[in-house]
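Per-entry structural report
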Amino acid sequence: MRKIKHAVSFKNQNGRKSLDSHSKPKGLMEGGGRRVSRGMLPLLAIQALSEYHRLPWKPPVTAGLLVTNTLIYLRPAFLDSLLPSIDQVCFNPHLILKYRDLKRLFLSPLYHVGESHLVYNMMSLLWKGIQLETSMGSAEFASMVVALLGMSQGMTLLLAKSLLLFFDYKRAYYSEYAVGFSGVLFAMKVVLNNSQMENYTNVHGLIVPSRYAAWAELILIQMFVPGVSFLGHLGGILAGILYLKLKAGHSGFLVGELLVGVTPGLFPAYGDAKHVLLTILVG
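All values reported here derive from a predicted model rather than from experimental measurement. Along each chain, numbering runs from 1 in the same order as the chain's sequence is written. Predicted model: local features are reported for residues with pLDDT of at least 70 only, side-chain atom pairs are reported and counted for 80 or more only, and whole-chain, interface and lining totals are derived from all residues. Only hydrogens and water are set aside; all other atoms, that is, all heavy atoms of the structure, feed into the side-chain values.

Throughout this description, the term salt bridge denotes a Lys or Arg side-chain nitrogen within 4 Å of a carboxyl oxygen of Asp or Glu. What the rule picks out here adds up to seven salt bridges. A salt bridge links Arg54 to Glu51; the nearest nitrogen and oxygen atoms lie 2.6 Å apart. Taken together, the positions of Arg54 and Glu51, both in helix H1 (residues 40-54) and three residues apart, correspond to about one turn of that helix. Between Arg104 and Asp101 there is a salt bridge whose closest N-O contact spans 3.1 Å. Here a helix means four or more residues in a row that DSSP labels H or I, a strand means two or more in a row labelled E, and each is numbered from the N terminus.

A few words on helix H8 (residues 138-167). Helix length check: H8, at 30 residues, gives a terminal C-alpha distance of 42 Å against a target of 44 Å (1.5 Å per residue), a fit within 8%. Exposure categories follow from relative accessible area, calculated using a 1.4 Å probe and restricted to protein chains: below 20% of the type maximum is buried, above 50% is exposed, and the middle band is partly exposed. Burial runs high along H8: 21 of the 30 residues are buried. At the exit of H8 stands Asp168, carrying a positive phi of roughly 55 degrees. To estimate the expected span of a helix, count its residues, drop one, and scale the result by 1.5 Å.

Right, let's get into unusual backbone geometry. Its identity as a non-glycine residue notwithstanding, Asp168 has a phi of 55 degrees, on the positive side. Looking at the element boundaries, Asp168 is found in the loop between H8 and helix H9 (171-175). Of note, His204 is a non-glycine position whose phi angle comes to about 50 degrees, a positive value. Structurally, His204 is set in the loop between strand S5 (200-203) and strand S6 (206-209). Exposure remark for His204: the relative accessible area of 51% places this residue in the exposed category.

Following the UniProt record, the feature "transmembrane region" (unreviewed entry) maps to residues 139-160, 172-192 and 212-244 here. Across residues 172-192, the secondary structure splits into 71% helix and 10% strand, with the terminal C-alpha atoms separated by 29 Å. As annotated, residues 212-244 comprises 82% helix and 0% strand, and the C-alpha atoms at either end are separated by 15 Å. UniProt positions are given in the numbering used here, feature names are shortened, and annotations may be inferred rather than shown by experiment.

For the rest of this paragraph, the subject is the nonpolar core. The criterion is simple. A nonpolar core is a set of buried Ala, Val, Leu, Ile, Met, Phe, Trp, Tyr and Cys residues joined through side-chain atoms within 4.5 Å. One finds Met144, Phe181 and Met188 to be the most contacted residues of the largest nonpolar core, which totals 60 residues. Secondary-structure elements contributing two or more residues to this core are H1, helix H2 (60-74), helix H4 (86-89), helix H7 (115-136), H8, helix H10 (182-195), helix H11 (213-224) and helix H12 (230-248). It is H8 that contributes the most residues to this core, 10 residues altogether. A contact between two residues is defined here by any heavy atoms of the two lying within 4.5 Å. In this structure, Phe181 is in contact with Asn69, Pro109, Leu110, His112, Asn121, Met122, Leu125, Val145 and Leu149, ignoring residues within four places of it in sequence. Within the second largest apolar cluster, nine residues are counted, among which are Met1, Ile96, Leu157 and Tyr173.

Let us now look at H11. For H11, which comprises 12 residues, the first-to-last C-alpha distance of 16 Å matches the rise-based estimate of 16 Å (1.5 Å per residue) to within 8%. Among all positions of H11, only Ala213, Ala214, Ala216, Glu217, Leu218, Leu220 and Ile221 are buried. Its buried side turned inward, H11 meets H7, H10, S5, S6 and H12.

This brings us to a nonpolar patch on the surface. Here, patches come from residues exposed beyond 30% relative accessible area and free of salt bridges, joined within 9 Å for like charges and within 5 Å for nonpolar side chains (Val, Leu, Ile, Met, Phe, Trp, Tyr). Residue exposure ignores everything except the shown protein chains as possible cover, and the areas themselves are Shrake-Rupley values with a 1.4 Å probe. Together, Leu165, Phe166, Phe167 and Tyr169 make up an exposed nonpolar region whose accessible area comes to about 430 Å². Mapped onto the elements, Phe167 comes out in helix H8.

Turning to the side chain of Glu51, a few remarks are in order. We classify Glu51 as buried; its relative accessible area is 18%. Those residues in contact with Glu51, other than ones at most four positions away along the chain, are Leu126 and Ile130.

In this section: the packing of aromatic side chains. Pairing of aromatic rings covers Phe, Tyr and the six-membered ring of Trp, with a centre-to-centre limit of 6.5 Å; geometry is then stacked below 30 degrees between planes, edge-to-face above 60, and tilted otherwise. This structure, assessed with the given rule, holds one aromatic pair. Both rings, one in Tyr173 and one in Tyr174, keep their centres 4.9 Å apart while their planes meet at 85 degrees; by these two values the pair is edge-to-face. Of the residues examined, Tyr174 reaches a relative accessible area of 33% and is grouped as partly exposed.

Right, let's talk about the pairing of S5 for a bit. Across a regular strand the side chains alternate sides, sitting on one face of the sheet and then on the other. Side chains of S5 alternate between two faces, with Thr201 and Val203 buried and Tyr200 and Asn202 left unburied. The sheet contact formed by S5 and S6 spans four bridges and is antiparallel. Its bridge partner lying in S6, Thr201 is registered against Val208. Strand pairing is assigned whenever DSSP identifies at least 2 bridges connecting the two strands.

Structural data, given as structure tokens:
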């Protein structure tokens, strides 16, 4: 996930916060929300077509995710009036819990702040998605992506709430706004590394043990890529670990029940963040 910088906000007629015009991403066309490519999207298209051309079986869910994320970013005329704007869906824990705003919880991973942000994430999705979908089949892969999306968002929400409750750290809860698919990608990386037989893997030029690859990438990206959401990426890693534990244990939890458990305040019947966090970490 990538944070939206300088998120100066104001209250609209419904009392909800929205980003002002100074914080909106570049690339929007005047008079509408549609975007134009700055040259990187054709490279993504060429890479995707090349990869799919060489495959004997074309993974449809991965292709669908690539197209969905790209169309949401480009906002073509036939979709523009149907899609919420980025300031209506960006991930902010305070707004999600205060207003029970589910669209911020579930739609923010599908939005991107710029072309480079989108292309980097989609290149990663192309590589991870093809391998995972080919190995597990489209139906299981699709259900896994849905689960990881909800779990990574829920984990990020839980982390921000926990920082507020336990350490009185307010910025991540109140002031940070983020969008992007990278939290899900970190979760997918955990699952992919778990399924591979190699003991070591290459992470941006560094050879590290496969089991620590996601953690190494978390640190490297935080060090060298400005404006990324550390909590969003960490939430993705924890979601991937939890998914593997639940799958290995043949747990009977439904995805919906798990989401309820990791979104305290959104569903008050499941108790406070401390109880849920301890349950996940210890149990």
